[in-house]
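Coordinates in review
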Amino acid sequence: MDIFSKIAAGEIPSYKVAENDEFYAFLDINPLVKGHTLVIPRREVDYFFDMDDEELARYQQFAKRIAIAIKKAFPCKKVAQVVLGLEVAHAHIHLIPMQTEADADFRREKLKLTEEEFREIAAKIQAAF
């Protein structure tokens, strides 16, 4: 079981934003900006495009609902969707509230947030979901 599967199963703590039977959304612990969220399938699949069309469509629909909630909770111009997938061998979408494209630059310094700040951010997105 990989680290993201352990997070979705509750074996590793996370700041959950939303979930259903197929997908799990939680805050990135090294966020670029407040509201930076990861969305994963519960099923272990390494490569985003290895998912069949129906599952991929449901994944995108779930991510869209999260993105709408993020935009409500953290007003921004857009919510970026970034799929990188090399650092963890489990398909995942980064949803990042953006005022400028620089907000989605992974080379920039990550925020250092307290546990309380993470809880507040997750609660804000949950409330908007």
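To keep things clear, this report deals only with the structure shown in the data block. (Residues numbered from 1 in each chain as written. Predicted model: local features only at pLDDT ≥ 70, side-chain atom pairs only at ≥ 80, totals over all residues. Heavy atoms only, no water.)

1. Observations regarding the packing of aromatic side chains
- Applying the stated criterion across every chain yields a total of nine aromatic pairs.
- Plain terms: the ring middles of F23 and Y59 are 5.2 Å apart, the flat faces sit at 15° to each other, and that makes the pair stacked. One end of the pair, F23, is in strand β2 (residues 23–27); the other, Y59, is in helix α2 (residues 53–73), and 36 residues separate them in sequence.
- What makes F23 buried here is its relative accessible area of 1%.
- Look at F48 and F49: their rings are 5.0 Å apart centre to centre, the planes differ by 90°, and that puts the pair in the edge-to-face class. (Phe/Tyr/Trp six-rings, centres within 6.5 Å; stacked < 30°, edge-to-face > 60°. Helix = DSSP H or I, 4+ residues; strand = E, 2+ residues; numbered from the N terminus. Buried < 20%, exposed > 50% of the residue type's maximum accessible area, 1.4 Å probe, protein only.)

2. Here we look at the packing of α2 against helix α3 (residues 115–128)
- Put simply, α2 and α3 touch, their axes get as near as 8 Å, and they point 115° apart. Relative to α3, α2 is oriented roughly perpendicular. Crossing hand, α2 versus α3: right-handed. The segment α2 lies against α3, with A69, I70, K72 and A73 engaging K124, I125 and A128. (Axes fitted to C-alpha atoms, helices over the stretch in contact; angles between N-to-C directions. Parallel < 35°, antiparallel > 145°, perpendicular 65-115°, else oblique. Left-handed = near helix turned anticlockwise from the far one by under 90°. Contact = heavy atoms within 4.5 Å.)

3. Describing α2
- With 21 residues, α2 should reach 30 Å at 1.5 Å per residue; the first-to-last C-alpha distance of 30 Å fits that figure.
- Along α2, the positions that sit buried rather than exposed are E55, L56, Y59, F62, A63, I66, A67, A69, I70 and A73. Around the axis of α2, the buried residues are gathered within 165° of arc, so they sit on the same side. Along α2, the residues that are exposed and aim more than 90 degrees away from the buried face are D53, E54, Q61, K64 and K72.
- In this structure, the buried side of α2 is in contact with β1 (16–19), β2, β3 (37–41), β4 (78–82), β5 (93–98) and α3.
- Sitting at the amino-terminal end of α2 is D52, which places a side-chain oxygen 3.2 Å from the backbone nitrogen of E54. (Expected span 1.5 Å × (residues − 1). Arc of directions from axis to C-beta. Polar contact = N/O pair within 3.5 Å; in protein donor to acceptor, adjacent residues only side chain to side chain.)

4. Describing the nonpolar core
- Among the nonpolar cores identified, the biggest contains 30 residues, and V39, Y59, I66, L95 and I125 are the most heavily contacted of them.
- Elements that contribute at least two residues to this core include exactly β1, β2, α2, β5 and α3.
- For this core, the element with the most residues is α2, which contributes nine residues.
- Dropping the residues within four chain positions of it, V39 is found in contact with Y24, A25, Y59, F62, A63, I66, A91, H92, I93 and L95.
- Counting eight residues, the second largest nonpolar core, distinct from the first, contains F4, A8, Y24 and V88. (Core = buried A, V, L, I, M, F, W, Y, C linked by side-chain atoms within 4.5 Å.)

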